[in-house]
Structures are given as C-alpha cells and as structure tokens.
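Examining the three-dimensional arrangement
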Amino acid sequence: MPSQQPQQSQVSRTPARRRQRSTRLVVAVALLALGAALVAGALASASGVLTAAAAVVAVLAGAAATRITHAELLQARRDAARDRAVQAQEYRALTERRTAESAAFAADMERRIAEREDAIHVLERALSSAQKNAAEQSLRRAQETRRADAAERGRDTAERGRDEAESRAAEAIVLVAELEAELDVVRAELDSLRAAAARRNHRSA
C-alpha cells in the first residue's frame, strides 16, 4: 500500500510532539496558577509588601507562561511546515514510482501488442499460402473430374486420382478454416490488449 506510507510516517511522529506540547502547556498553566495563588494569598494577608511581591511574581509567571506559549506556537508552526515538506517529498517519490510503473506497463503492453501483430502477419502469410494451395487442389480436382468424364478407359485410375485430389482439397479447406479461426483469436487478443493499454493510459493521464 504505497499510498499510505506518508500518512503512517506522519502519524508516527505525532505522539512525541503532542507529549512535548502538553508538558509545556501544563508548565505554563502551572505558572499562571502559581501567580494567581500568590496574589490571592497576599491579598488575604492584607500585607502591602507581600502583595507587591506576589504581584511581581505573578507578572513574571505570566510573562514566563506567555513566553512558553509563544515558543510552543512557533514550534508548532515549524513542525507543521516540516511535516508538509516531508509529506511532499514522500508523495513526490510515490508519484515517481507510479510513473515508473506506468511506463513499465506501457512498455510491456507495446511488446505484447507487437508480438500479436507479428503472429497475425505470420498467420496471414500461412493463410494466403493455404488458400493458394486450396485453389490449386480445387483446380486439380476439376482436371481429374474432366479426365474421369472424358476417359472411358482407365476410369478406375482416374477416379482414384480424383478421390485423392478431393481428399487433398478437403484437407486444404480444413487447414484454411483452422488458420482463419486462429487468426480471429489472435486479432481479438490484440484488440483486447490495445483496449487495456488505452484504459491504462487514460487512467494515468
């Protein structure tokens, strides 16, 4: 599942960062609570010195909490930017792998199509030769038939020759039919391969 790798790598980095942020935020809240508690205690004691000291401590605690919160905000922005950069690199690598896979698939489809086209050419030449042979055998059969009709003597020999010619002609016709059927099958496979390649190219685009 290559498409899930960027998400998994990002999720693996998230828990540690959340723990750091939660710790910093707890410290900031604790400082604010400490300052508030000191001010409340100083006001309850009704001592001016304690109130002033508590106010100073509360201001310092608030400043420290603000500083921590600001630093946490900046760190969160940097982490987010780093995550986006890493994720962009991972998606770029994923895109490169998919592009390479598409190129390999296209090359394989082109090779298979070329093989089917070569097979079709071979079958077409064989079919042409078989058709020529069938025509020759048909011509011989006609000649033998004419000889059988014209010759009274040697009729048996002529008939045997005619039967042999008819047998060869029938075999040639069967061969033509078989080659035509095989050619149709190979052409169908070629059409299927071209359609699959077109669909893959369409999806890749």
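Bear in mind the structure is a predicted one, so any value in this text is a computation, not a measurement. (Residues numbered from 1 in each chain as written. Predicted model: local features only at pLDDT ≥ 70, side-chain atom pairs only at ≥ 80, totals over all residues. Heavy atoms only, no water.)

Let's shift gears to the overall build of the chain. Looking only at helices and strands, the chain features 3 helices and 0 strands. When the elements of the chain are put in sequence order from the N terminus, they spell out α-α-α. The buried share of the chain, taken over its 205 residues, is 18%. Carbon and sulfur atoms make up 57% of the accessible area of the chain, which amounts to about 14100 Å² in all. (Helix = DSSP H or I, 4+ residues; strand = E, 2+ residues; numbered from the N terminus. Buried < 20%, exposed > 50% of the residue type's maximum accessible area, 1.4 Å probe, protein only. Areas by Shrake-Rupley, 256 points an atom, 1.4 Å probe, with all protein chains shown as cover.)

Moving on to a nonpolar patch on the surface. A cluster of nonpolar side chains, namely Leu 34, Leu 38 and Val 57, defines an oily patch on the protein surface of about 220 Å² accessible area. Inspection of the secondary structure assignment puts Val 57 in helix H2 (residues 48–150). Overall, the relative accessible area of 34% leaves Val 57 in the partly exposed class. (Patch = residues over 30% accessible without salt bridge, like charges linked within 9 Å, V, L, I, M, F, W, Y side chains within 5 Å. Salt bridge = Lys/Arg side-chain N within 4 Å of Asp/Glu carboxyl O.)

Buried together is how nonpolar side chains tend to be arranged in soluble globular proteins. Core analysis: the biggest nonpolar cluster contains 15 residues, and Ile 120, Leu 123, Leu 127, Val 176, Leu 179 and Leu 183 have the highest contact counts within it. If you list the elements that add at least two residues to this core, you get H2 and helix H3 (155–204). It is H3 that contributes the most residues to this core, 8 residues altogether. When residues no more than four places from it in sequence are discounted, the contact partners of Leu 127 are Val 176, Leu 179, Glu 180 and Leu 183. (Core = buried A, V, L, I, M, F, W, Y, C linked by side-chain atoms within 4.5 Å. Contact = heavy atoms within 4.5 Å.)

It is worth spelling out the confidence of the model for the chain at this point. Mean pLDDT over the chain: 77, with 83% of residues reaching 70 or higher. For residues 1–12, every residue scores under 50 in pLDDT, and the model assigns this stretch 13 contacts once sequence neighbours within four places are set aside. (pLDDT = per-residue confidence, 0-100.)

What follows deals with the pattern of salt bridges. Overall, the coordinates contain 7 salt bridges when judged by the stated rule. Measuring nitrogen to oxygen at the nearest pair gives 2.8 Å for the salt bridge that ties Arg 111 to Glu 115. Here Arg 111 pairs with Glu 115, and both are found in helix H2, just 4 residues apart, close to one helical turn. Overall, the relative accessible area of 39% leaves Glu 115 in the partly exposed class. Residue Glu 117 pairs with Arg 194 through a salt bridge whose shortest N-O separation is 2.4 Å. In this pair, Glu 117 is assigned in helix H2 and Arg 194 in helix H3, connecting sequence segments 77 residues apart. Ionic contacts of the salt-bridge type, sharing partners, join the residues Asp 108, Arg 111, Arg 112 and Glu 115 into one network.

A few words now on the side chain of Gln 137. Positionally, Gln 137 belongs in helix H2. Gln 137 sits in the buried class, given a relative accessible area of 6%. If near-sequence neighbours (up to four positions away) are discounted, Gln 137 is found in contact with Ala 165, Arg 168 and Ala 169.

Moving on, we get to the environment of Leu 175. If you trace the backbone, Leu 175 turns up in helix H3. Overall, Leu 175 belongs to the partly exposed group, its relative accessible area being 38%. Sequence-wise, Leu 175 and Ala 126 are 49 residues apart; in three dimensions their C-alpha atoms are separated by 9.7 Å.

Its location among the elements puts Glu 182 in helix H3. With 62 residues separating them in the primary sequence, Glu 182 and Ile 120 have C-alpha atoms 9.1 Å apart.

This next bit is on the environment of His 121. Position of His 121 among the secondary structure elements: in helix H2. When the C-alpha positions of His 121 and Leu 183 are compared, they lie 9.2 Å apart, and in sequence the two are 62 residues distant.

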